[in-house]
Structures are given as C-alpha cells and as structure tokens.
Amino acid sequence: MIQRFLTALAFIVVTTTTYAASEIVVAIRYLQAEGESHAHLFLYREDGTLLRQLTKENIGQDLDPMFTPDGETIVFTREIAENKFEYWSIEPKGGGLKKLDAEPEWYASTKTTPYFVWPEMEGSGDDESAPAFGSRTQKFRAPDNSVELILREVKGDEGDSVNGPEHGKHYVLRDLKSGKSIEFPKIPGFEGAVEQLQLNSGKNERFLFDPPLKLAFFGVHLDSTDGDTDYALDLTNRRLVRLSKNWAAPFPLPGDGAFLSMTYVRYVEIPGTTKTANCSYLERWDASLKPLRFAREGSAAVCYGASMYRPGRTPATINIRRSGD
C-alpha cells in the first residue's frame, strides 16, 4: 500500500512540474533582391524548430500576431495599404483563417510584455542637486542579497564623462558573502558599460533572477554608425556576454530560466544583392546564454511582432508588439 502511494505521489509530482512545449508565432518579412517583400506569420517550437508557415498571401503585411489566452487561436493585423488595417485570426495548426469584423477588444488592450530598457540617467536631467553624469556613484543590490553592483564614476576622468566604451572601468561587482570585489574590466567580456538597464514595468527592477539565470543588463553607446549595444552580466559565472552587434531588448520568461530578445542588427546584406538593410530578429537565450534565432539562417529580415504561448506557466502568453505598446 505504501509503495503504491509513493508511486502515485511521484507521478503527481512529475505531471505537475512538466509543461508542454511552448510555441512562438513570429511575423517575419524576408527582404529579397527583387520585387516587394511581404511579412508572413511563422510558427516555431521554443527549441527553434519551424513547425509551419501560417500565412502566405502576398497582400500587404501581416503584423503583431498574438495568441489568445487559451492558445487556441492567433489574432493578427494585416496592413493592406498605408494606415489601412484588417484583423484576421488563424489556428496554430494552420486552419481556420478568417477575416474578423472588427479588432477584438482584448487584442487592442494587450500591451507588450515588460522588457529591459535604458533608465533615465541620474544626474542628466533638470535636477541641479543630483550628481552630474560622470561623477555619480550608484549601488544596486541583487534580489537574493548575494552581490552588489557599485557603479562608480570618477569626476574628471574623460572616459567616465561620456556614454561610450571607455565608460565603466571603475564599476565594481562585490560579493556580499565573501566581501571580495572584482572590477568590471577584469570580468571576461568587458568592453564598456554605462547604465544598468531596468524593466519598463515601473517597479525599478534591475535584475533578472530566474534560476538558474542571475543576470544584470548594461547598455553602452558605440558610435553614430553602430548605435547602442548591450550586455548580460552573468552574476553566477562572472562574465559579460554581448547580446547583439547593435541593440537587443531582453524580455523575461518567468519560470523558464531563459529570456527572449528583440535583436537589432544594422547593415545586413540582402541575399543576392550588394544592398544592406537594418534588420530585426526574435531570439531566445538559454541558461548558458546561447542564442537561438527564429528566422532563416543567413537571412535579411524584419520582425513585425511575436507572441509566445506557454502552457501551464504564468503569464501564459508573452507578447511583443512592433510599436512597443
């Protein structure tokens, strides 16, 4: 009897902690050498496997796909002319494509899931009493009180006075348990750091702690050609990982031990031409900080929004709208 009970209990534990695989629908416009390119919907498994292309009609652009809360339907916008939109739905298995009479209320009101952004730089606003950029010291403690980031700038240091790769050489990572500190330039992968990114949720959250991930993100301006870039500071393995040649906006995936990023890459060569374009891609970063791109390899593409359905997890959907709303 006891053995049967333990077997049943083990089965319950396993079945309540095992989730069905997540699926991701991405609106992708593959840029081509000739003719007009169109954005279509593509459905992927979270491991990067392309399950199917959902839309193929070369009529305008398919934008902002979004799973319904139960994951049974995907609603999207079709732009058929400048500022002229239609609303459509389709099933994840590819059937049931239909035009809707109006934009669903839930679809219109759903905003982009919180992601990490540049904060307003302290000392760079109208508050004359605040320390000036280039002479600030900011301290941020990790949620588990394991480490503290001491973001120190030295007044008069030329590198600390600019938003560029020369910034951040006086930043320190301090281990609160051992008391030992390491300067950022000694952390593998350091190329510069200016500002610690924070979630745009209004809660002043500056860390991504989702075991085994323990991360902080930093942005830095490169130059007028390459724009900004950002890095993930791995607090467990003490390393900095660059998320993109240019910019990448990290989106937490609570409970997954991973995160998505909307990744921007400038001057990508369009296959079959010598022309280049500024492109964007959806990527997923795993616990070892290895990226997986949801797009054809070697493509020049633009991502026009995405949605992830995560059975059994909270929130069940992660949504990325092209407008950011």
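None of the values given here were measured: they were computed from a predicted structure.

**Student:** Help me understand the overall build of the protein chain, please; the structure alone is not making it clear to me.
**Tutor:** For the protein chain, the helix and strand inventory stands at 2 helices and 24 strands. Each principal axis of the C-alpha atoms in the protein chain carries an extent, and together these give about 70 × 65 × 40 Å. Per-residue burial for the protein chain yields a buried fraction of 47% across its 325 residues. Put simply, of all contacts in the protein chain between residues at least 6 apart along the chain, 50% involve residues at least 24 apart. Summed over all atoms, the accessible surface of the protein chain reaches about 16500 Å², with 50% contributed by carbon and sulfur. Distance between charge centres in the protein chain, computed from 38 positive and 46 negative side chains, equals 6 Å.

**Student:** What exactly am I supposed to notice about the pattern of salt bridges here?
**Tutor:** Any two side chains of opposite charge can pair, given that their charged atoms come close. Tallied over the full model, the rule gives 17 salt bridges. With a shortest N-O distance of 2.7 Å, Arg78 and Asp62 are connected by a salt bridge. Of this pair, Arg78 sits in strand 5 (residues 74-81) while Asp62 sits in strand 4 (residues 61-67), and the two are 16 residues apart along the sequence. The residues Arg78 and Asp62 share a single accessibility class, namely buried. Three or more residues are tied together by salt bridges with common partners; here these are Glu57, Asp62 and Arg78.

**Student:** Honestly, the side chain of Asp256 in this entry has me stumped. Any pointers?
**Tutor:** Among the secondary structure elements, Asp256 is positioned in the loop between strand 19 (247-253) and strand 20 (258-269). On the basis of relative accessible area, Asp256 is assigned to the buried category, the value being 17%. Within the structure, Asp256 has its side chain in polar contact with the side chain of Arg310 (distance 3.2 Å). For Asp256, the residues in contact, after removing those within four places along its chain, are Asp210, Arg284, Met308, Arg310 and Arg313.

**Student:** Please explain the state of the cysteines as it appears in this structure.
**Tutor:** Linking two cysteines covalently through their sulfur atoms gives a disulfide. Enumeration according to the criterion identifies 0 disulfides in this entry. Here Cys279 is not cross-linked by a disulfide; its sulfur's nearest cysteine counterpart is in Cys303, at 11 Å. Of the residues examined, Cys279 reaches a relative accessible area of 3% and is grouped as buried. Overall, Cys303 belongs to the buried group, its relative accessible area being 9%.

**Student:** Is there a simple way to think about the packing of aromatic side chains in this case?
**Tutor:** How two aromatic rings sit relative to each other is given by the distance of their centres and the angle of their planes. By the definition in use, this model includes 15 aromatic pairs. Measuring from ring centre to ring centre gives 5.3 Å for Tyr44 and Phe294, while their planes differ by 70°; the resulting arrangement is edge-to-face. Here the residue Tyr44 occupies a position in strand 2 (residues 39-45), and Phe294 occupies one in the loop between strand 22 (291-293) and strand 23 (301-309), the gap between them amounting to 250 residues. As far as burial versus exposure is concerned, Tyr44 and Phe294 are alike and both buried. Considering the side-chain rings of Tyr171 and Phe218, the 6.3 Å spacing of their centres and the 45° angle between planes classify their relative orientation as tilted. In this pair, Tyr171 sits in the loop between strand 10 (147-152) and strand 11 (172-175) while Phe218 sits in strand 16 (residues 213-223), placing the two residues 47 residues apart along the sequence. Put simply, the rings of Phe116, Phe217, Phe259 and Trp285 pair up and form one aromatic cluster. When the ring centre of Tyr281 is taken as reference, the NZ or CZ atom of Arg293 above it lies at 3.9 Å.

**Student:** Help me understand the pairing of strand 4, please; the structure alone is not making it clear to me.
**Tutor:** Looking along a regular strand, one sees side chains alternate from face to face of the sheet. Of all the 7 residues making up strand 4, 7 are buried; the element is thus mostly covered by neighbouring parts of the structure. In this structure, strand 4 lies alongside strand 5, joined through 5 bridges in antiparallel fashion. Across the sheet, the residue bridging to Leu63 is Thr77, located in strand 5. Where strand 4 folds back on strand 5, the antiparallel hairpin that results is connected by 6 residues, among which Gly71 adopts a positive phi of roughly 75°.

**Student:** Got a minute to help me understand the sheet that holds strand 21 (residues 276-285) in this structure?
**Tutor:** Pairing is antiparallel in the open sheet, where 4 strands are placed in the order 19-20-21-22. The open sheet has two free edges, formed respectively by strand 19 and strand 22, since each of these has just one partner strand. Ignoring strand direction, the axes of neighbouring strands in this sheet form an average angle of 30°. The sheet contact formed by strand 20 and strand 21 spans 9 bridges and is antiparallel. In the sheet register, Phe259 faces strand 21, and the bridge partner there is Trp285.

About the criteria used
Residues numbered from 1 in each chain as written. Predicted model: local features only at pLDDT ≥ 70, side-chain atom pairs only at ≥ 80, totals over all residues. Heavy atoms only, no water. Helix = DSSP H or I, 4+ residues; strand = E, 2+ residues; numbered from the N terminus. Buried < 20%, exposed > 50% of the residue type's maximum accessible area, 1.4 Å probe, protein only. Contact = heavy atoms within 4.5 Å. Areas by Shrake-Rupley, 256 points an atom, 1.4 Å probe, with all protein chains shown as cover. Lys, Arg positive; Asp, Glu negative; His and termini not counted. Charge placed at Lys NZ, Arg CZ, Asp CG, Glu CD. Salt bridge = Lys/Arg side-chain N within 4 Å of Asp/Glu carboxyl O. Polar contact = N/O pair within 3.5 Å; in protein donor to acceptor, adjacent residues only side chain to side chain. Disulfide = S-S within 2.5 Å. Phe/Tyr/Trp six-rings, centres within 6.5 Å; stacked < 30°, edge-to-face > 60°. Lys NZ or Arg CZ within 6 Å of the ring centre and 35° of its normal. Pairing = 2+ DSSP bridges. Axes fitted to C-alpha atoms, helices over the stretch in contact; angles between N-to-C directions.

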